[in-house]
Amino acid sequence: MRRAESAVPRMWAGARRFMLTGLALNGIAQAVAALACAWLTHRFFEVVIDHRTGGSAMAFGLIGAMLGAGALLAALRVVERVQAERLGQDYAAELRLALYDSMAEQSPRRMQARSRGATILRFVGDVKGIRRWMSLGLPRIAVGALSASIALCVLALVNGTMAFAASWGFVGAAVALALLSDRVDPAVREARRRQARLAANVNDKIGGIAVVQVFDQVARERALLERQGAGLADAMVAQTRGMALLKSAAEFSSSFATAGVLLAGAIEVAGGELKASQVVGAITAVGLIAPTFRDFGQALGYWRSARVSFEKIAAFLATPRLATCAQDDDGDSSAAPLAAPCGAVEIEFRGVSSGTALRAFSACAPAGATVAIVGPSGAGKSTLLAMAARLLEPDGGEIRIAGAPIGRYRLSELRRALGVVMPDLPLLRGSLERNLRYRWPGAPDTEVARVAALCGVDELLATLPDGAQTRVADAGANLSYGQRQRIAWARALLGSPSVLLLDEADANLDPASAHGLGQILDGFTGTVLMVTHSYARMMQADLVWYVEAGRLLESGAPAELMGRMGRTRRLFQREANEAG
Ligand SMILES: Nc1ncnc2c1ncn2[C@@H]1O[C@H](COP(=O)(O)OP(=O)(O)OP(=O)(O)O)[C@@H](O)[C@H]1O
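The structure presented is a predicted model; accordingly, all values stated were derived computationally and were not measured. (Residues numbered from 1 in each chain as written. Predicted model: local features only at pLDDT ≥ 70, side-chain atom pairs only at ≥ 80, totals over all residues. Heavy atoms only, no water.)

### Focus: the site of the ligand
Let me state the cut-off plainly: Each residue is tested against the molecule or strand, and it is near if at least one of its non-hydrogen atoms lies within 4 Å. Contacts described as polar in this section are N or O atom pairs within 3.5 Å, which, within protein, must combine one atom able to donate a hydrogen with one able to accept it, while residues neighboring in sequence count only if both atoms come from side chains. Where accessible areas are quoted, they stem from the Shrake-Rupley method and a 1.4 Å probe; at the residue level, only the protein chains shown are allowed to cover. Numbering goes from the N terminus for both helices and strands, where a helix is a DSSP run of H or I of at least four residues and a strand is a run of E of at least two.
Around the ligand sit 13 residues in total, of which Gln112, Gly378, Lys381, Ser382 and Thr383 are the nearest. With respect to the ligand, the backbone of glycine 378 contributes an N or O atom lying 2.8 Å from an oxygen atom. Within the backbone of glycine 380, an N or O atom sits 3.0 Å from an oxygen atom of the ligand. Summarising the interface, the protein chains cover 59% of the accessible area of the ligand, which totals 630 Å² for the free molecule. Those elements that provide at least two residues to the shell around the ligand are α3 (108-113) and α8 (381-388). Here the element with the most residues in the shell around the ligand is α8; it accounts for three residues.

### Focus on the sheet that holds strand β4 (residues 358-365)
What counts is decided by this rule: Think of it this way: DSSP has to see at least two bridges between two strands before they count as a pair.
On the basis of which strands lie adjacent, the open sheet formed by four strands has the order β4-β3-β6-β7 and antiparallel pairing. Pairing within the sheet leaves two strands with one partner each, and these edge strands are β4 and β7 (404-405). In terms of strand pairing, strand β3 (residues 347-354) meets strand β6 (residues 396-401) through five bridges, oriented antiparallel. Considered in β6, the bridge of serine 353 is made with glycine 396.

### Section: the sheet that holds strand β5 (residues 370-374)
Quick note on the threshold: To obtain each axis, a line is fitted to C-alpha atoms, and for helices this fit is confined to the stretch in contact; angles are then taken between N-to-C directions over 0 to 180 degrees.
The strand order across the open sheet built from six strands is β8-β11-β12-β5-β13-β14, with neighbouring strands paired in mixed fashion. Two strands close off the open sheet at either side, each with one partner strand: β8 (418-421) and β14 (551-556). Neighbour-to-neighbour, the strand axes of the sheet open up by a mean angle of 15°, direction not taken into account. Note: strand β11 (residues 499-503) against strand β12 (residues 527-531), five bridges, orientation parallel. Considered in β12, the bridge of leucine 501 is made with leucine 529.

### So, the packing of helix α5 (residues 160-214) against helix α6 (residues 218-270)
For clarity, the threshold we go by: Angle categories are assigned with fixed cut-offs, so that under 35 degrees is roughly parallel, over 145 is roughly antiparallel, 65 to 115 is roughly perpendicular, and the rest are oblique. Throughout, the ten residues Ala, Val, Leu, Ile, Met, Phe, Trp, Tyr, Cys and Pro are labelled nonpolar, Asp, Glu, Lys and Arg are labelled charged, and all others, Gly among them, are labelled polar.
Two elements in contact, α5 and α6, have axes separated by 8 Å at closest approach and are oriented at 170°. Put simply, α5 runs roughly antiparallel to α6. Within the contact of α5 with α6, the residues separate by chemical class into 31 nonpolar, 16 polar and six charged.

### A word on the environment of alanine 92
Applied cut-off: In what follows, a contact means two residues having at least one pair of non-hydrogen atoms within 4.5 Å.
For alanine 92, the location among the structural elements is in helix α2 (residues 55-104). Taking the C-alpha atoms as reference points, alanine 92 and arginine 131, 39 residues apart in sequence, are found 5.6 Å from one another. Setting aside residues up to four positions removed in sequence, alanine 92 forms contacts with Val127 and Arg131.

### Concerning unusual backbone geometry
Unlike most non-glycine residues, aspartate 216 shows phi in positive territory, near 55°. Structurally, aspartate 216 is set in the loop between α5 and α6. In this structure, alanine 360 is a non-glycine residue whose phi angle is positive, near 45°. Along the chain, alanine 360 falls in strand β4.

### Here we look at the pattern of salt bridges
Stated formally: By definition here, a salt bridge exists when the distance from a side-chain nitrogen of Lys or Arg to a carboxyl oxygen of Asp or Glu is within 4 Å. Categorising residues by exposure relies on relative accessible area from a 1.4 Å probe, with only protein chains included: less than 20% of the type maximum marks a residue as buried, more than 50% marks it as exposed, and the intermediate range marks it as partly exposed.
The tally for this structure, following the rule as stated, stands at 25 salt bridges. The salt bridge involving arginine 16 is made with aspartate 90; its shortest N-O contact spans 2.8 Å. Highlighted residues: arginine 16 in helix α1 (residues 15-50) and aspartate 90 in helix α2, separated in sequence by 74 residues. The exposure class of arginine 16 is buried, given its relative accessible area of 1%. Salt-bridge contacts for glutamate 94 lead to arginine 16; the nearest nitrogen and oxygen are separated by 2.9 Å. In this pair, glutamate 94 is assigned in helix α2 and arginine 16 in helix α1, connecting sequence segments 78 residues apart. For glutamate 94, a relative accessible area of 33% puts it in the partly exposed group. Overlapping salt bridges bring together Arg16, Asp90 and Glu94 as one network.

### Description of the domain arrangement of the protein
To keep things clear, this is the line we draw: Start and end positions for the domains come from either an automated domain assignment or a database one.
What the domain assignment lists for the protein is domain 1 (2-322) and domain 2 (347-579). Distance from the C-alpha centre of domain 1 to the C-alpha centre of domain 2: 54 Å. Each partner contributes residues to the interface: domain 1 has six residues there, and domain 2 has eight residues. Our count for the domain 1 to domain 2 interface comes out at zero salt bridges.

Here you go:
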């Protein structure tokens, strides 16, 4: 049961509609200010040319008014920039949340299959590309088109020939941009592809620099980075060339608008149709509008880049997600609430399949039982646990908890009932206390102290100068493996979950800690599914499932399975002999 993927958030929704209206009003105001400038220039020339009495006072007044209109235009452009940035940032924030929501609902295995560098690129590079289009590209086009249209309309009222000449310049620019813009696409895509490769490589090396060092591959990896860097540089230059071409085409074509107005104006003045002052006014208006139009080229470049980002983000959001809320085919929306803390529930797998990792796996863990899942590497043991934790959806079959299909529980309710320790669940950055309380931030101090004492974390805290406030690095890298494991245990046990899912949970523990873990399991009243390679841990269980090639091949009490010459006994023969 998978939740339908969600689409890219709508651009013009909620507050952004008002922001765009604000920008449109700004565009109108800019056109009015530009026209005011033009009219004042025209009047100034009239006054100066006519040498009227009192003309100099009026000329100074007009100059003051021109400066005022110019300042207003400049102020409107500042406001436009701020409005536009707000618009872009608002959408970028929504995009990031949509990406996060999608990631949080995807199966971790699907996420692991992706390059982490490419995922970071979605969050950073693609969101930035779209924000740039929203805040620098689109508003420029909207405001520019609006103010240019209004200015041209007014110009047409003054003189049709000049307006016609100016329009040709702008139309020419639009046609040139439309013809050129398709040529930019391949360059943008290539640059993006190379960026993703480089990001994936760098991310891989950040996590695995020790591997590079240990196996003495520093020079080889450096050469690879150099090759990727050179490829990216070529691709970025090609992309910039395309963008610059768009910008120059817009500049070149729009300068024709000014030239056209000048030419048409000169003809009209010569024919006695217009005064020179009117032509000067028209030139001023076109001169004030032309820069906006010149920006169209750059804006179009932003759009081409954003379009690729939209495609990448849409593909990410289209990844199938795990269901987050309960629903089934009958429309029944929920099973009975899961057992209260410390309660025990039955967990049953009915013919569960997952690719080749699990094949029609059926077994039942009775409420309160501790089940040891054993078998050779790659048998499907971890896959089984991942399914019980709903980190993976089965391809077929059904998992039932407390008698109800797992899908009928709300995911949050199910996760509250589960305590999970798996190698894939590292500690997170932040304080040690944050990690301890991660599953229940508001847990009472007594509960935190209980699990800390139970898992030996209190001894660890006593040795750290900053105690619970000690900073934990990415994945707990500044702590020993055993220390991390103990904190992971305490994190899982906080709030006494009904079910414990443990994947090699005693890996990296010293003998004393491993013994402590045995005591924790003995005192735990809920149901436990634990993947283990430890003979002692297996012998502590109530029930053993022997899994091989995705199938349950043996099941029974540990003593019973070790008492006959089956697969479980063969797997643990040596340890059993050593244990006597
Ligand atoms: N993250 C993953 N993405 C895709 N396939 C995976 C992933 N993890 C495991 N598999 C595949 O699933 C199959 C079962 O792996 P699983 O991890 O469940 O085995 P396991 O019994 O837990 O092995 P081990 O004891 O070595 O941990 C393997 O063939 C493996 O290739």
